[in-house]
Amino acid sequence: MLVPGDEDGGKSGVIPWRFVEELVPWLVRVSGARIREVLLAVDEVVHYDVQVDVLQLSNDLPCHGYALLSSPKRAIPLVEEALQVAQELIRDDDREQGLVMTAKRFVHPRVCCLPKESLFSKPNISSLRSVDVGTLIALPGTVTRVGATLVREVEKKFVCVKCQYEFVSTADITRRGSFLLPPRCPSDLDKPCYSTSYTPSSLAPTCRDYQEIKLQEKISHLAVGSIPRSIVVAVQDNLVGRCKAGDDVIVSGVLLRRWNRNPAPEMRCSIELMIEALHVEHHNERKSFVHIDPESEARFNQFWEKHRDNPLRARNLIVSSICPQIFGLFAVKLILVMSLVGGTSRRDTNGMRVRGQSHLLMVGEPGTAKSQLLRYAARLIPRSVLTTGVGTTSAGEMVFPLFRLPV
């Protein structure tokens, strides 16, 4: 509950035992079917997830919903503990049915359906502020880069060199996975140990799957002339490998500050914003699905029926409607339409497949509407990513014009 707790000195404002005790019946009632699926699963090593609707949680248990939104780093471990208790409760209730149920160790809450308020649902990266750090937010965008799947150490046991005291240290994601060691030995012996030297234990550390993706804000949510910004999103466990470049997603997670390099004396601090993802919702179906009502279909047939004898005139009308704010440039717009529509793939005599889509390279002086045309094309195509020279590598944006000079 959100009252000053004696267990943590009143710092977090969350009493753990009351939080878990009151959350377990809600999880059993709302997510009981999903928890039973997890219990009936065979593999006990795989990571499973249970969706937690924040809006429904806030309506049923307002204090718990507020704790999850304002202090997710403290509340998420308590929700995971409540999921473990809920598994044992459902397993004991269904034992008489003769089903083989095993409680799974790795069950994670996937927080979704955040309130549609500016404090939690951000339209773009530019709306992020310093007060949002450490809170739960939802950010829509397009995936532009997917990193490799890594195995990251999250917990490791260390041993004091002097007194041989063993303690567990947790990796800090804001310091790129480095372990924060105490300034002196944390042993609870009668005579304190002031040693500052530690060695890793021979026991294997606890590891988790880890991946970083780059999320770019949507073009439709930006003002005219604005450059789309990107932010790094860290996904873990069963969220790894779910995204690919071009996916339109909504990421729900915790906004954090990450050091670009570990701080050191006499070195300039370099910090960037990142999101530790708790849930990733795909919206590719909304991008690719185009609903054509009977009225639009009738207008389409009527348009081509009207220009049956002169199809080139119909083509010219379509080309003129492309980026109407730009006057002229008919040939450029025609080439742009041909690249967007594409052709038909075929196979040559050797059996090699020749694709029907073509590349388009626009080269021109500044102020010749290149960016306006490309921005308009990005709005027409569902799966598209608009990038700039800032968001690409030097090798990817380099063009070598070759001219044959007369001899």
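Please refer to the structure higher up on the page.
Let me sum up the structure you'll find in this document. These numbers were taken from a predicted model, which means no experiment stands behind them.

## Side note on the overall build of the protein
Step number 1: Each helix and strand in the protein was counted, giving 10 helices and 13 strands.
Step number 2: Scored against the burial criterion, the 407 residues of the protein give a buried share of 36%.
Step number 3: Split by element, the accessible area of the protein, about 25,400 Å² in all, is 56% carbon and sulfur.

## Digging into the packing of aromatic side chains
Step number 1: Enumeration according to the criterion identifies 4 aromatic pairs in this entry.
Step number 2: Ring centres 5.9 Å apart and planes at 65° place the aromatic pair Phe158 and Phe179 in the edge-to-face group. In this pair, Phe158 is assigned in strand 4 (residues 150-160) and Phe179 in strand 6 (residues 178-179), connecting sequence segments 21 residues apart.
Step number 3: For Phe158, a relative accessible area of 7% translates into the label buried.
Step number 4: Measuring from centroid to centroid gives 5.2 Å for Phe167 and Tyr198, while their planes differ by 85°, and the two rings are edge-to-face. Of this pair, Phe167 sits in strand 5 (residues 166-172) while Tyr198 sits in strand 7 (residues 198-200), and the two are 31 residues apart along the sequence. Per residue, the accessibility class of Phe167 equals that of Tyr198, and both read buried.
Step number 5: Chaining the aromatic ring pairs together yields one cluster made of Phe158, Phe167, Phe179 and Tyr198.

## With respect to the pattern of salt bridges
Step number 1: All chains considered together, the criterion is met by 16 salt bridges.
Step number 2: The salt bridge partner of Glu37 is Arg34, with a shortest N-O separation of 3.2 Å. Here Glu37 pairs with Arg34, and both are found in helix 2 (residues 32-40), just 3 residues apart, close to one helical turn.
Step number 3: Taking the relative accessible area as the measure of exposure, Glu37 reaches 48% and is therefore partly exposed.
Step number 4: Here Glu276 ties to Lys73 by a salt bridge, and the two come within 2.7 Å at their closest N and O atoms. Of this pair, Glu276 sits in strand 11 (residues 271-282) while Lys73 sits in helix 5 (residues 72-93), and the two are 203 residues apart along the sequence.
Step number 5: By relative accessible area, which is 45% here, Lys73 ends up partly exposed.
Step number 6: Bridged by salt links that share partners, the residues Arg34, Glu37, Asp49 and Arg242 form one connected network.

## Observations concerning the pairing of strand 9 (residues 230-236)
Two faces belong to every sheet, and in a regular strand the side chains alternate between them.
Step number 1: Burial analysis of strand 9 places 6 of its 7 residues in the buried class, the great majority of the element.
Step number 2: As paired strands, strand 8 (residues 206-216) and strand 9 are joined by 7 bridges and run antiparallel to one another. Looking at the pairing, Tyr210 lines up with Gln236 of strand 9.
Step number 3: With 3 bridges joining them, strand 9 and strand 11 adopt parallel strand pairing. From the neighbouring strand, Ala234 faces strand 11, where its bridge partner is Glu276.

## Notes on a nonpolar patch on the surface
Step number 1: Together, Phe300, Trp304 and Ile318 line one region of the surface with nonpolar side chains, adding up to about 280 Å² of accessible area.
Step number 2: Here Trp304 shows up in helix 7 (residues 294-306).

## Focus on the nonpolar core
Step number 1: Formed by 41 residues in total, the largest nonpolar core has its most connected members in Leu23, Leu68, Val111 and Leu114.
Step number 2: Here this core takes 8 residues from helix 5, the largest share from any one element.
Step number 3: Among residues more than four places away in sequence, those in contact with Val111 are Val52, Val54, Leu68, Ile76, Leu136, Ser252, Leu278 and His279.
Step number 4: Counting 19 residues, the second largest nonpolar core, distinct from the first, contains Leu128, Ile137, Val143 and Leu215.

## Some points on the pairing of strand 8
Step number 1: With 4 bridges joining them, strand 3 (residues 136-146) and strand 8 adopt antiparallel strand pairing. Each residue of the ladder has a partner; that of Val146, found in strand 8, is Ile213.
Step number 2: Note: strand 4 against strand 8, 5 bridges, orientation antiparallel. Along strand 8, the bridge assignment pairs Val151 with Asp209.

## A few points about the environment of Gly177
Step number 1: Mapped onto the secondary structure, Gly177 falls in the loop between strand 5 and strand 6.
Step number 2: Distance from Gly177 to Glu153, taken between C-alpha atoms, is 7.3 Å for residues 24 residues apart in sequence.
Step number 3: Once residues within four sequence positions are removed from consideration, Gly177 is found in contact with Arg152, Ala171 and Asp172.

## Structural notes on helix 2
Helical geometry: 3.6 residues make up each α-helical turn, so side chains three or four residues apart lie on a common side.
Step number 1: Residues of helix 2 that are buried include every one of Gly32, Ile35, Val38 and Leu39, and no others. Relative to the axis of helix 2, the buried residues are bounded by an arc of 115° and lie together on one face.

## A look at the side chain of His108
Step number 1: Note on placement: His108 falls in strand 2 (residues 107-112).
Step number 2: Relative accessible area serves as the criterion here: at 8%, His108 is assigned to the buried category.
Step number 3: For His108, the side chain forms a polar contact with the side chain of His47, separated by 2.7 Å.
Step number 4: There is a polar contact of 3.3 Å between the side chain of His108 and the side chain of Asp237.

Cut-offs and rules
Residues numbered from 1 in each chain as written. Predicted model: local features only at pLDDT ≥ 70, side-chain atom pairs only at ≥ 80, totals over all residues. Heavy atoms only, no water. Helix = DSSP H or I, 4+ residues; strand = E, 2+ residues; numbered from the N terminus. Buried < 20%, exposed > 50% of the residue type's maximum accessible area, 1.4 Å probe, protein only. Areas by Shrake-Rupley, 256 points an atom, 1.4 Å probe, with all protein chains shown as cover. Phe/Tyr/Trp six-rings, centres within 6.5 Å; stacked < 30°, edge-to-face > 60°. Salt bridge = Lys/Arg side-chain N within 4 Å of Asp/Glu carboxyl O. Pairing = 2+ DSSP bridges. Patch = residues over 30% accessible without salt bridge, like charges linked within 9 Å, V, L, I, M, F, W, Y side chains within 5 Å. Core = buried A, V, L, I, M, F, W, Y, C linked by side-chain atoms within 4.5 Å. Contact = heavy atoms within 4.5 Å. Arc of directions from axis to C-beta. Polar contact = N/O pair within 3.5 Å; in protein donor to acceptor, adjacent residues only side chain to side chain.

Keep in mind these values describe shape, not function.
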